[in-house]
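Structural features, examined
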Amino acid sequence: MNIIETSVLGRRYGGTWALRDCTLAIPDGHLVALVGPNGAGKSTLLNLVVGLTAPTTGEVTVLGGVPAGSLPALDGIAFVAQDMPLYRHLSVGDTLHLARNLNLHFDSGYAHRRLADLGISGKHKAGKLSGGQQAQLALTLALARHPRLLVLDEPTAPLDPLARHDFMAAVMTAMADDGISVVLSSHMLAELERVADYLVLISHGRVQLDGTVDGLLARHRLVTGPAGRIGRADWDVIHTSGTGAQTHQLVRIRSVDETLPTTCEARPVGIEELALGYLRETPAAPVAAPSGAVR
């Protein structure tokens, strides 16, 4: 089952396309890292997935074919935004009470237990909590709905390293305990190395790369050799850089068993190196990564 599926999806604001020709088929059960620079179209894609905006072109379905924005979709998706939209003048207890009244399904017992375990009192004003506590409150509101898909739009960006670690640990526990799928938009590439098993990379409003992390990393290498002497016709060169007599290339190989030239050295890459290599491409010459690149 595909937890998210899009076909030629696009969204235009005035004369500017925020997202174009987005075609994805993301299976359930993954923690999907959504990566790209500011303005790339990440938040636009997430807003389309959760039904906060309508497509200009194409279509998007979730949860195995349910139209995004429909009542069944809204009931099965929870969303945590970067700015943690809480009613800051309400107490934590009143926030939970309001959430229970606004949702068809809300596990109040789970929410109270989880916050108690975190030492967050129901009497405290939401706006007086620390950044990490506010993030945990927002996550609790989402998880108490027991969603099938949890969408996170850079929720850890304003948090310190310890709070980010605790937040992601809670997300991973929810995946293990409840079997939910997660889409996480983040600039923290090093953090994604530890948790993501599926990658979607967006640049200039278009999907440049998508697939399982293991599959994508298996098909890319960082190759180093004498300047001007390591290119091969059967490689797709993603990015080239040089330091004097040495050339460094991020390449996509056609077979994991491909024999490398004796004049160069090659090593595997991580998510951070892979993403940065694709993102360094210019708008005028984007890399033509295949749709559903390597699964």
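This section reports on the structure supplied with the text.

Between two aromatic rings, the relevant description is the distance of the centres plus the angle of the planes. In total, this model carries zero aromatic pairs according to the counting rule given. Here Arg 11 stacks its cationic end above the ring of Tyr 13, 4.6 Å away from the centre of that ring.

This part covers the nonpolar core. Side chains of nonpolar character tend, in soluble globular proteins, to be buried together. Leu 31, Leu 137, Leu 150 and Leu 274 are the most contacted members of the largest nonpolar core, which totals 54 residues. Filtering out sequence-adjacent residues up to four positions away, Leu 31 remains in contact with Met 168, Val 171, Met 172, Met 175, Val 182, Leu 184, Val 195, Ala 196, Asp 197 and Tyr 198. Core analysis: the second largest hydrophobic core is formed by 26 residues, Leu 19, Val 62, Val 151 and Tyr 198 among them.

So, about the environment of His 239. Secondary-structure assignment places His 239 in strand E12 (residues 236-243). In sequence terms His 239 and Tyr 278 are 39 residues apart; their C-alpha atoms lie 7.0 Å from each other.

Time to look at the layout of surface pockets. Roughly 720 Å³ of volume is contained in the largest pocket. In this structure, the largest pocket is lined by 23 residues; those nearest its centre are Phe 79, Pro 85, Asn 103, Leu 141 and Arg 145. Elements with a minimum of two residues in the lining of the largest pocket: strand E6 (77-80), helix H3 (92-102) and helix H5 (131-143). For the lining of the largest pocket, the class distribution of residues is 19 nonpolar, three polar and one charged.

Now for the environment of Leu 9. Mapped onto the elements of the fold, Leu 9 is located in strand E1 (residues 2-13). Looking at Leu 9, the relative accessible area reads 0%, which means it is buried. Leu 9 has contacts with Leu 19, Arg 20, Asp 21, Cys 22, Leu 45, Leu 48, Pro 55, Thr 57, Gly 58, Glu 59 and Val 60, leaving out every residue within four places of it along the chain.

In space, the four strands of this open sheet follow the order E12-E13-E11-E14, with antiparallel pairing throughout. The open sheet has two free edges, formed respectively by E12 and strand E14 (265-267), since each of these has just one partner strand. Strand-to-strand twist across the sheet, computed as the mean angle between neighbouring axes with direction ignored, equals 20°. Looking at chain direction, E12 and strand E13 (residues 246-252) are connected through seven bridges and run antiparallel. Bridge pairing links Gly 242 to Thr 247 in E13. Most of the contacts of helix H9 (residues 271-279) go to E13, to which it runs at about 95°, and overall it touches strand E11 (220-226), E12, E13 and E14.

Glancing now at empty space enclosed by the protein. If you roll a probe as big as a water molecule over the atoms, it shows you where there is empty space left. Applying the stated criterion across every chain, the model contains two cavities of 30 Å³ or more. As a volume, the largest cavity reaches approximately 50 Å³. Together, Ile 4, Leu 24, Ile 26, Val 32, Leu 34, Leu 45, Leu 46, Val 49, Val 183 and Val 200 line the largest cavity.

Our focus in this paragraph is the pairing of strand E9 (residues 198-203). With six of its six residues buried, E9 lies for the most part within the structure. With burial as the criterion, each face of E9 is covered, one bearing Tyr 198, Val 200 and Ile 202 and the other bearing Leu 199, Leu 201 and Ser 203. Summarising the sheet, strand E3 (residues 31-35) and E9 pair through four bridges and their orientation is parallel. The residue bridging Leu 34 from the neighbouring strand is Val 200, located in E9.

To continue, consider the side chain of Gln 249. As for its placement among the helices and strands, Gln 249 is situated in strand E13. Residue classification places Gln 249 among the buried residues on the basis of a relative accessible area of 9%.

Conventions and cut-offs
- Residues numbered from 1 in each chain as written.
- Predicted model: local features only at pLDDT ≥ 70, side-chain atom pairs only at ≥ 80, totals over all residues.
- Heavy atoms only, no water.
- Phe/Tyr/Trp six-rings, centres within 6.5 Å; stacked < 30°, edge-to-face > 60°.
- Lys NZ or Arg CZ within 6 Å of the ring centre and 35° of its normal.
- Core = buried A, V, L, I, M, F, W, Y, C linked by side-chain atoms within 4.5 Å.
- Buried < 20%, exposed > 50% of the residue type's maximum accessible area, 1.4 Å probe, protein only.
- Contact = heavy atoms within 4.5 Å.
- Helix = DSSP H or I, 4+ residues; strand = E, 2+ residues; numbered from the N terminus.
- 1 Å grid on protein atoms, 1.4 Å probe; cavity = no way out; pocket = protein on both sides within 12 Å on 5 of 7 lines; lining within 4 Å.
- Points joined across faces, edges and corners; volume = space filled by probe spheres on them.
- Nonpolar A, V, L, I, M, F, W, Y, C, P; charged D, E, K, R; others polar.
- Pairing = 2+ DSSP bridges.
- Axes fitted to C-alpha atoms, helices over the stretch in contact; angles between N-to-C directions.

Shape is all these values report; function is a separate question.
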